[in-house]
Amino acid sequence: MTTNVGIIENEIKELLNKELNPINLEINNESYMHNVPKGSESHFKVKIVSEKFENLSMIEQHRLVNEILKNYIGNGKIHALSITSRTPTQWKKNNQPIDDKSPSCKGGFGK
């Protein structure tokens, strides 16, 4: 796993902070788990808790995140985006950090 924050990861963080003012935000570059060149920023997992998700279904929450990041998804900067979203109420109710493991890569170039 990479510990350096890349340009795209940082831009994602800035956009989501600006638009959603999250109380918790984790962004993980999971590109290293895939068959891409070393140092790539193409596969991300976002875990986010925001009051702006209140009264939205999970699909609406994800659409909101996708809309904010559309310039990255639409132009191919981001190949894959996994989103785990919660309202503050849901997050507090679970009384635990969002913990979901990504599956292993099943394909890609050269496989």
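To be clear, the structure that these remarks concern was listed above.
Scope of this entry: the structure provided in the associated data block. Worth saying up front: this structure is predicted, and the values here are computed from it rather than measured. (Residues numbered from 1 in each chain as written. Predicted model: local features only at pLDDT ≥ 70, side-chain atom pairs only at ≥ 80, totals over all residues. Heavy atoms only, no water.)

## Some points on the pattern of salt bridges
Part 1 of the argument: Tallying each qualifying case throughout the model produces two salt bridges.
Part 2 of the argument: For the salt bridge of K45 with E30, the shortest nitrogen-to-oxygen distance reads 4.0 Å. Note that K45 is positioned in strand 2 (residues 43–49) and E30 in the loop between strand 1 (24–29) and strand 2, a separation of 15 residues in sequence. The same class applies to K45 and to E30, which are both buried.
Part 3 of the argument: One salt bridge in this structure joins E67 and K70, with 2.9 Å as the shortest N-O distance. (Salt bridge = Lys/Arg side-chain N within 4 Å of Asp/Glu carboxyl O. Helix = DSSP H or I, 4+ residues; strand = E, 2+ residues; numbered from the N terminus. Buried < 20%, exposed > 50% of the residue type's maximum accessible area, 1.4 Å probe, protein only.)

## Notes on the environment of R86
Part 1 of the argument: Tracing the backbone shows R86 in strand 3 (residues 80–86).
Part 2 of the argument: In this structure the C-alpha to C-alpha distance between R86 and P22, which are 64 residues apart in sequence, comes to 9.9 Å.

## Brief notes about the nonpolar core
Part 1 of the argument: Membership of the largest hydrophobic core comes to 15 residues, with the highest contact counts inside it found for I12, L16, L20, F44, I48, V65 and L69.
Part 2 of the argument: The set of elements that each furnish at least two residues to this core consists of helix 1 (7–20), strand 2 and helix 2 (58–68).
Part 3 of the argument: No other element matches the four residues that helix 1 contributes to this core. (Core = buried A, V, L, I, M, F, W, Y, C linked by side-chain atoms within 4.5 Å.)

## Section: unusual backbone geometry
Part 1 of the argument: One non-glycine residue with positive phi stands out, namely N21, at about 40 degrees.
Part 2 of the argument: The topology assignment puts N21 in the loop between helix 1 and strand 1.
Part 3 of the argument: The class for N21 is exposed, based on a relative accessible area of 58%.
Part 4 of the argument: Although it is not a glycine, N55 sits at a positive phi angle of roughly 65 degrees.
Part 5 of the argument: Inspection of the secondary structure puts N55 in the loop between strand 2 and helix 2.
Part 6 of the argument: By relative accessible area, which is 80% here, N55 ends up exposed.

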